[in-house]
Amino acid sequence: EILMMQSPGTLSVSPGERATLSCRASQSVSTKLAWYKVKPGQAPRLLIYGASTRATDIPARFSGSGSGTEFTLTISSLQSEDSAIYYCQQYNNWVLTFGGGTKVEIK
Amino acid sequence: QVQLVQSGAEVRRPGASVKISCETSGYNFSGHYLHWVRQAPGLGFEWMGWMNCNNGATTYARKFKGRVAMTRDTSVRTAYLELTGLRYDDTAIYSCARCPQAGLNYFDPWGQGTLVTVTS
């Protein structure tokens, strides 16, 4: 099973500032990496797949990068509605695994 | 638009079974895989398995083999998750999620989740 580790656990960022979230895999997942946004009481929403491809209707301020074992989700200019928990998920191995999440707070 | 709507919350005793439904709309049901994922209180997401909605073939995570069954009824575009031998640590929100591209197992969209509480 591939372990996915996210950092930091919590990120506090001022509106308009950049937020950088990290996700590390215990072994290479190539670019088979997705990011999801989860708000309380709501279904998770796909943000990024293929490590860097934005999903439909996702704002351009969200971008993903990386390959192999190191990945980054960047929110270029944080908006109030971006307050949420963000999870990465690898799908390179048939046993699908998630990171533990990064909580993004608005300062 | 693509929608996955799940059945309501359930409360069960330890040792009982639960069956959750996931009604789909807005896309070719038989053309996609559906996955089930759960999240226990305060914990992360745990993948349970997937089902090929065309032929009903399934793959389950080893942890759940023998206790889980994923089925579907194509006539009503609905998938089902049944979990037997419930334990206290099966208390979680269970979600169905569609795999949008064959062979690429990421999820879009997800159902709204079904809370299953196991309590005596």
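Residues numbered from 1 in each chain as written. Chains lettered and ligands numbered in written order. Predicted model: local features only at pLDDT ≥ 70, side-chain atom pairs only at ≥ 80, totals over all residues. Heavy atoms only, no water.

Draft legend 1. Focus on the sheet that holds strand E7 (residues 62-67) of chain A. Residue and element names in this part refer to chain A. The strand order across the open sheet formed by 4 strands is E1-E3-E8-E7, and the pairing between neighbours is antiparallel. Each edge of the open sheet carries a strand with a single partner, namely strand E1 (4-7) and E7. On average, each strand axis in the sheet is inclined to that of its neighbour by 15°, with strand direction left out of account. Sheet analysis places E7 next to strand E8 (residues 70-75), joined by 6 bridges and oriented antiparallel. Counted as the bridge partner of Ser65 is Thr72 from E8. (Pairing = 2+ DSSP bridges. Helix = DSSP H or I, 4+ residues; strand = E, 2+ residues; numbered from the N terminus. Axes fitted to C-alpha atoms, helices over the stretch in contact; angles between N-to-C directions.)

Draft legend 2. Structural view of the sheet that holds strand E1 (residues 3-6) of chain B. Residues and elements named next belong to chain B. Spatial strand order, E1-E3-E8-E7: 4 strands in an open sheet with antiparallel pairing. Here the strands that pair on one side only, and so sit at the sheet edges, are E1 and strand E7 (68-73). Here the strands of the sheet are splayed against their neighbours by 20° on average, with no regard to which way each runs. Here strand E3 (residues 18-25) pairs with strand E8 (residues 78-83) via 6 bridges, running antiparallel. Across the sheet, residue Glu23 finds its bridge partner in E8, namely Thr78.

Draft legend 3. Molecular detail of the pattern of salt bridges. Scanning the model with the defined rule gives 11 salt bridges over all chains in all. A salt bridge links Asp82 of chain A to Lys37 of chain A; the shortest N-O distance between them is 3.9 Å. Taken as a pair, Asp82 of chain A in the loop between E8 and strand E9 (84-90) and Lys37 of chain A in strand E4 (residues 33-38) lie far apart in primary sequence, 45 residues in all. On the accessibility criterion, Lys37 of chain A (15% relative accessible area) is buried. In this structure, Asp82 of chain A and Arg61 of chain A form a salt bridge, with 2.8 Å as the shortest nitrogen-oxygen distance. A residue pair is termed long-range when its members are at least 10 positions apart, and Asp82 of chain A in the loop between E8 and E9 and Arg61 of chain A in the loop between strand E6 (53-54) and E7 qualify at 21 residues. Residue Asp82 of chain A shares its accessibility class with Arg61 of chain A, and that shared class is buried. Overlapping salt bridges, with partners in common, bring together Arg38, Glu46, Lys63, Arg67 and Asp90 of chain B in one network. (Salt bridge = Lys/Arg side-chain N within 4 Å of Asp/Glu carboxyl O. Buried < 20%, exposed > 50% of the residue type's maximum accessible area, 1.4 Å probe, protein only.)

Draft legend 4. Spatial organisation of the interface of chain A and chain B. At the junction of the two partners, chain A supplies 15 residues and chain B supplies 18 residues. Both faces combined, the contact of chain A with chain B buries some 1500 Å², and carbon together with sulfur accounts for 73% of it. Our count for the chain A to chain B interface comes out at 3 residue pairs in polar contact (both at pLDDT 80 or more). Per-element tally for the side of chain A that touches chain B: the top contributor is E4 of chain A, with 3 residues. (Contact = heavy atoms within 4.5 Å. Buried area = accessible area lost by both parts, 1.4 Å probe. Polar contact = N/O pair within 3.5 Å; in protein donor to acceptor, adjacent residues only side chain to side chain.)

Draft legend 5. The state of the cysteines, seen in detail. In the structure shown here, the tally under the stated rule is 2 disulfides over all chains. Here Cys23 of chain A engages in a disulfide with Cys88 of chain A; their sulfurs sit 2.1 Å apart. Measuring the twist about the S-S bond at about 75°, one finds the Cys23 of chain A-Cys88 of chain A disulfide to be right-handed. Here Cys23 of chain A, found in strand E3 (residues 19-25), pairs with Cys88 of chain A, found in strand E9; they are 65 residues apart in sequence, far enough to count as distant. Taken as a pair, Cys23 of chain A and Cys88 of chain A share a single burial class, namely buried. Across the disulfide from Cys22 of chain B sits Cys96 of chain B; the S-S distance is 2.1 Å. Classification of the bridge connecting Cys22 of chain B and Cys96 of chain B rests on its S-S torsion, roughly 80°, and on that basis the disulfide is right-handed. With a gap of 74 residues between them, Cys22 of chain B in strand E3 and Cys96 of chain B in strand E9 (residues 92-99) connect regions that are remote in the sequence. On the accessibility criterion, Cys96 of chain B (0% relative accessible area) is buried. Here Cys53 of chain B is not disulfide-linked; the sulfur of Cys22 of chain B is the nearest cysteine sulfur, at 8.3 Å. Given the relative accessible area of 0%, Cys53 of chain B is considered buried. The thiol of Cys99 of chain B is unpaired, and the distance to the nearest cysteine sulfur, on Cys53 of chain B, comes to 10 Å. (Disulfide = S-S within 2.5 Å.)

Geometric values such as these leave the question of function open.
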